[in-house]
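Descriptive analysis of the structure
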Amino acid sequence: MTKTKTRSAPAALPLNTILAGDCIDEMNRLPEASVDLIFADPPYNLQLRGQLHRPDNSQVDAVDDHWDQFASFDAYDRFTRDWLAAARRLLKPDGAIWVIGSYHNIFRVGAALQDAGYWILNDVVWRKSNPMPNFRGKRFTNAHETMIWASRDEGAKYTFNYEALKALNEGIQMRSDWVLPICTGHERLKDDNGDKAHPTQKPESLLHRVLVGSTNPGDVVLDPFFGTGTTGAVAKMLGRDFIGIEREESYRRVAEKRIGRVRRFDREALEVSASKRAEPRVPFGQLVERGMLRPGEELFSMNRRHKAKVRADGTLIGDDIKGSIHQVGAKLEGAPSCNGWTYWCFKRDGQTVPIDVLRQQIRAEMRN
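Residues numbered from 1 in each chain as written. Predicted model: local features only at pLDDT ≥ 70, side-chain atom pairs only at ≥ 80, totals over all residues. Heavy atoms only, no water.

1. Topic: the overall build of the protein chain
Each helix and strand in the protein chain was counted, giving 12 helices and 15 strands. Across the 368 residues in the protein chain, those meeting the buried criterion constitute 45%. Considering only contacts within the protein chain whose residues lie at least 6 apart along the sequence, 66% involve residues at least 24 apart. Put simply, the protein chain shows about 19,900 Å² of open surface, and 47% of that area lies on carbon and sulfur atoms. (Helix = DSSP H or I, 4+ residues; strand = E, 2+ residues; numbered from the N terminus. Buried < 20%, exposed > 50% of the residue type's maximum accessible area, 1.4 Å probe, protein only. Contact = heavy atoms within 4.5 Å. Areas by Shrake-Rupley, 256 points an atom, 1.4 Å probe, with all protein chains shown as cover.)

This is how it looks when you write it as structure tokens:
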């Protein structure tokens, strides 16, 4: 159950809780190096001048809330430096941060990130498939926002679920331009008066991609500008723990109700595609040691053009060429390299079987 707390100094990390108060004060009270990921949607400091109207003279519900207003660029920059410093203290050594913004603020935030010691990994353009039109017709339609993804330090390790993002994108490498719709219809939260509960509510699809790509189940995700709780709702669904910080009571109430309705996906559904590089290493010789392949047994190339014999030490010999499964395959094909696991196969009961099947059997045993 999600609940709101107003605290002085916590003894432990307040997981799955919305903290009431100023984000900098609240972050400074949390334990150092305790958070895996931070997703921050800070005030954009929109430089709006006057009211915005549609062609029919109806007024646009633009962002004019007090929390988005700063006296000057200097004031905004001081605020940015302070909350980024507090955030960096909370990140684990292998932690990372995402910050989203518009042209009004993202360049200033990017410079502050680098000045604070973060290491920028990517900037990602969220291209809105259904942006709000430019009613004045004096500029381009603002059809995108920019996210900056950064590790805590240069050279630090960080989570990047490359294969999972590739699977989300139908087997194609995920690019840094994401086409996703803004909140509309049932996803757009409303207050008791039927108005937008928050003017800049982010779509769950955006947070789904961020969290699947850069966190793992059980990770702690902090959102210092929690708003109506999109980060918390998606984190809960995906089996991540969250901490939200929000000073506006009306937003906290909406977020509490929203997250209370969310059900976490079951454990099996939370599993994502892992990189093969992360799999346990299995030497080919282990297949020979365990009798899965025998010395003297013949292996055949998948293209049927070549064959080689297995030796007792886990090497192959074929056409007077000796070496590993990779070296022999490469020499026979006249190629600079070869993945022997996908190149060689063997015969069992009249069937041709890739040797990688045996490697996967051993890996499955390692996991159990």
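Here the narrative resumes, following the displayed structure.
2. What about helix α10 (residues 325-333)?
Among all positions of α10, only Ile325, Val328, Gly329, Ala330 and Leu332 are buried. Elements that come into contact with the buried residues of α10 comprise α9 (284-289), β11 (307-310), β12 (316-318), β13 (321-323), α11 (340-343) and β14 (344-348).

3. Remarks on the nonpolar core
Membership of the largest hydrophobic core comes to 33 residues, with the highest contact counts inside it found for Trp98, Met147, Trp178, Leu206, Val210 and Leu211. For this core, the element with the most residues is helix α5 (residues 204-214), which contributes five residues. Every residue in contact with Trp98, bar those within four places of it in the chain, is listed here: Leu37, Ile38, Phe39, Ala40, Val124, Met147, Ile148, Trp149, Trp178, Val210 and Ser214. Core analysis: the second largest hydrophobic core is formed by 30 residues, Leu30, Val35, Leu84 and Ala150 among them. (Core = buried A, V, L, I, M, F, W, Y, C linked by side-chain atoms within 4.5 Å.)

4. Topic: the packing of aromatic side chains
Inspection of the entire model under this criterion finds 11 aromatic pairs. Relative to Trp149, the ring of Trp98 has its centre 5.4 Å away and its plane inclined at 15°; by these criteria the two rings are stacked. On the criterion of sequence distance, the pair formed by Trp98 in strand β4 (residues 91-101) and Trp149 in strand β6 (residues 144-151) is long-range, its members being 51 residues apart. For Trp98, a relative accessible area of 4% gives the class buried. Judged by relative accessible area, Trp149 falls into the buried class, the value being 4%. (Phe/Tyr/Trp six-rings, centres within 6.5 Å; stacked < 30°, edge-to-face > 60°.)

5. Things to note about helix α6 (residues 230-237)
Within α6, eight of the eight residues are buried, which leaves the element mostly enclosed by the surrounding structure. Among all positions in α6, only Thr230, Thr231, Gly232, Ala233, Val234, Ala235, Lys236 and Met237 are buried. Where α6 is buried, its residues touch β3 (35-40), α5, β8 (220-223), β9 (241-246), α7 (249-260) and α8 (267-270). Phi turns positive one or two residues past the end of α6, at Gly239, with a value near 75°.

6. Some thoughts on the pairing of β14
Pairing between strand β10 (residues 298-301) and β14: two bridges, direction antiparallel. Residue pairing across strands places Phe300 opposite Cys345, the latter belonging to β14. With four bridges joining them, β14 and strand β15 (residues 351-354) adopt antiparallel strand pairing. Its bridge partner lying in β15, Arg348 is registered against Gln351. Between β14 and β15, which follow one another and run antiparallel, lie two residues, and Asp349 among them has a positive phi close to 55°. (Pairing = 2+ DSSP bridges.)

7. Focus: the sheet that holds β15
Spatially, the six strands line up as an open sheet ordered β13-β12-β11-β10-β14-β15, and their pairing is antiparallel. Each end of this open sheet is capped by a strand with a single partner; those strands are β13 and β15. Each neighbouring strand pair of the sheet contributes to a mean axis angle of 35°, computed without reference to strand direction. Across the sheet, α10 touches β11, β12, β13 and β14, and the angle it forms with β13 is around 150°. (Axes fitted to C-alpha atoms, helices over the stretch in contact; angles between N-to-C directions.)

8. Regarding the environment of Val328
Structurally, Val328 can be placed in helix α10. Spatially, the C-alpha atoms of Val328 and Cys338 are 8.4 Å apart, while their sequence positions differ by 10 residues. Look past the residues within four positions of Val328 in its chain and what remains in contact with it is Ala308, Leu316, Ile321, Lys322, Gly323 and Trp344.

9. What to know about the packing of α5 against α6
Between α5 and α6, the shortest axis-to-axis distance is 9 Å and the interhelical angle comes to 55°. Put simply, α5 runs oblique to α6. The two elements α5 and α6 cross, and the hand of that crossing is right-handed. Contact with α5, carried on its side by Glu204, Leu207, His208 and Leu211, involves Thr230, Thr231, Ala233, Val234, Ala235 and Met237 of α6 and no other residues of that element. Of the residues in the contact of α5 with α6, the class split is six nonpolar, three polar and one charged. (Parallel < 35°, antiparallel > 145°, perpendicular 65-115°, else oblique. Left-handed = near helix turned anticlockwise from the far one by under 90°. Nonpolar A, V, L, I, M, F, W, Y, C, P; charged D, E, K, R; others polar.)

10. Thoughts on the pattern of salt bridges
Under the definition given, this model contains 16 salt bridges. Asp177 is the salt-bridge partner of Arg175, the closest N and O atoms lying 2.8 Å from each other. A relative accessible area of 32% places Asp177 in the partly exposed class. A network of salt bridges, in which partner residues are shared, links Arg88, Arg152 and Asp153. (Salt bridge = Lys/Arg side-chain N within 4 Å of Asp/Glu carboxyl O.)

11. Concerning unusual backbone geometry
In this structure, Ala33 takes a positive phi of about 50° despite not being glycine. Note that Ala33 resides in the loop between α1 (23-29) and β3. Residue classification places Ala33 among the partly exposed residues on the basis of a relative accessible area of 34%. Positive phi is not limited to glycine here, since Asp319 has a value of about 50°. Residue placement: Asp319 occurs in the loop between β12 and β13.

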